[in-house]
Amino acid sequence: LAHIITGLGTGGAETMLAKLSEALPQPEHEHVVMPLLSGGVLEARIAAAGGQIVDAGIPRSPRALLSLARLRRLVAEAHADVVQGWMYNGNLVASMAASGKPVLWGIRQTLSSISHVRPMTRSVIIASVPFSFRTNRIIYNATSSAADHERLGFPAEKRAFIPNGFDTLRFRPMPEAGAALRAELGLAENVRLIGRVARDDAIKDHETLFAAFARVASLDPACHLVCVGRGMLPGSPRLDALMTQHGLAGRVHLLGERLNMPELTAAFDLALSTSRHSEGFSNAIGEAMAAGVPVIATDVGEAKEILGDSTRIVSAADPEALAECCLRLLALSPAHLAA
């Protein structure tokens, strides 16, 4: 297998590639991972699982096409039987570099409107439509994602649906995790932690998250918000402005990109998924559920199907509804909250 992916940060698609690397039987299944952007934090995890990391050396710019000859050579040298792309950039490049090998695409987000994505990504999606007919399979992690892309012109006959899987030996209840995170943050034992795992991106809608938490914090002084993900760091002008706007100084903890996600997730008393759109099969929701943490999510992608409880689903971009749901759940006893 040769996997082509934009980069190896801690996003959902990248994490699923790491999980796949760890699950592939060794040594009968060799796999090479070719990130278009090198240096991601998951490279070491994939290498430890037996994956070979090969820097594709392709810039994320119109000049990328000039590097395709090198990538074709790398794919040939890998003696790959199958070339798999991950997300839009990786999919398109995989099709261009496969040199006759079977091609699989991986699409891991919904696309209710193409206007929701950045202009560069929009261009890649549009350019991908004719290439999509030449794939062997397009693997979606959400049926809603397949329907969205097929409306755009992707062939329905190429559809394959594989929902995300979760390692319940890694993500599991850890009674000591909450105390450990409170100690790390210098918080009292009675503080309750509301967690949000997501990169700093408009689709994750931290504006709604912070507005909702401001209402929760005003009514429940024992609550603190913990944000984990790429770009969620102190000193971000946008995040600092949001915290100032809502008077959340000292109540929000920005931890950035972390690798100890099982311990962090299990430390939460309540987990939130506040995406405005584009979410497919949320890793954050599934991992929190595996850790025994109650979840509230916006009605985006497969969230309702994953949770199986409509009382913990709220409309996207509705901070009042999100805050009310948080307060309702936090008012329950610990036993009822975990039920």
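For the structure, check the block above.
Residues numbered from 1 in each chain as written. Predicted model: local features only at pLDDT ≥ 70, side-chain atom pairs only at ≥ 80, totals over all residues. Heavy atoms only, no water.

Novice: Break down the overall build of the protein chain for me, with residues and values.
Specialist: If you tally the helices and strands in the protein chain, you get 14 helices and 13 strands. Computed over the C-alpha atoms, the radius of gyration of the protein chain is 21 Å, within 12% of the 20 Å expected from 2.2 N^0.38 for a compact globule of 339 residues. Projecting the C-alpha coordinates of the protein chain onto the three principal axes gives extents of approximately 60 × 40 × 35 Å. Within the protein chain, buried positions represent 54% of all 339 residues. A separation threshold of at least 6 residues defines the contact pool for the protein chain, and within that pool the share at least 24 residues apart is 63%. In the form shown here, the protein chain has an accessible surface area of approximately 14,700 Å², with 56% of it arising from carbon and sulfur atoms. Positive and negative side-chain charges of the protein chain, numbering 32 and 33 respectively, have mean locations separated by a distance of 5 Å. (Helix = DSSP H or I, 4+ residues; strand = E, 2+ residues; numbered from the N terminus. Rg over C-alpha atoms; globule rule 2.2 N^0.38 Å. Buried < 20%, exposed > 50% of the residue type's maximum accessible area, 1.4 Å probe, protein only. Contact = heavy atoms within 4.5 Å. Areas by Shrake-Rupley, 256 points an atom, 1.4 Å probe, with all protein chains shown as cover. Lys, Arg positive; Asp, Glu negative; His and termini not counted. Charge placed at Lys NZ, Arg CZ, Asp CG, Glu CD.)

Novice: Break down the nonpolar core for me, with residues and values.
Specialist: Core analysis: the biggest nonpolar cluster contains 43 residues, and Ile 4, Met 34 and Leu 71 have the highest contact counts within it. Ranked by residue count, the leading element in this core is helix α4 (residues 87–97), at 6 residues. Residue contacts for Ile 4: discarding those within four places in its chain leaves Met 34, Leu 36, Leu 71, Val 75, Val 83, Gln 84, Gly 85, Trp 86, Gly 90, Val 93 and Ala 94. Residues Ile 296, Ala 323, Cys 326 and Leu 327 belong to the second largest nonpolar core, which totals 30 residues. (Core = buried A, V, L, I, M, F, W, Y, C linked by side-chain atoms within 4.5 Å.)

Novice: Describe the sheet that holds strand β3 (residues 52–53), naming the residues involved and giving the relevant values.
Specialist: Pairing is parallel in the open sheet, where 7 strands are placed in the order β3-β2-β1-β4-β5-β6-β7. In this open sheet, the two edge strands, each paired with only one partner strand, are β3 and β7 (159–161). Those strands touched by helix α3 (residues 68–77) are β1 (2–5), β2 (32–35) and β4 (83–86), and its axis lies near 170 degrees from that of β2. (Pairing = 2+ DSSP bridges. Axes fitted to C-alpha atoms, helices over the stretch in contact; angles between N-to-C directions.)

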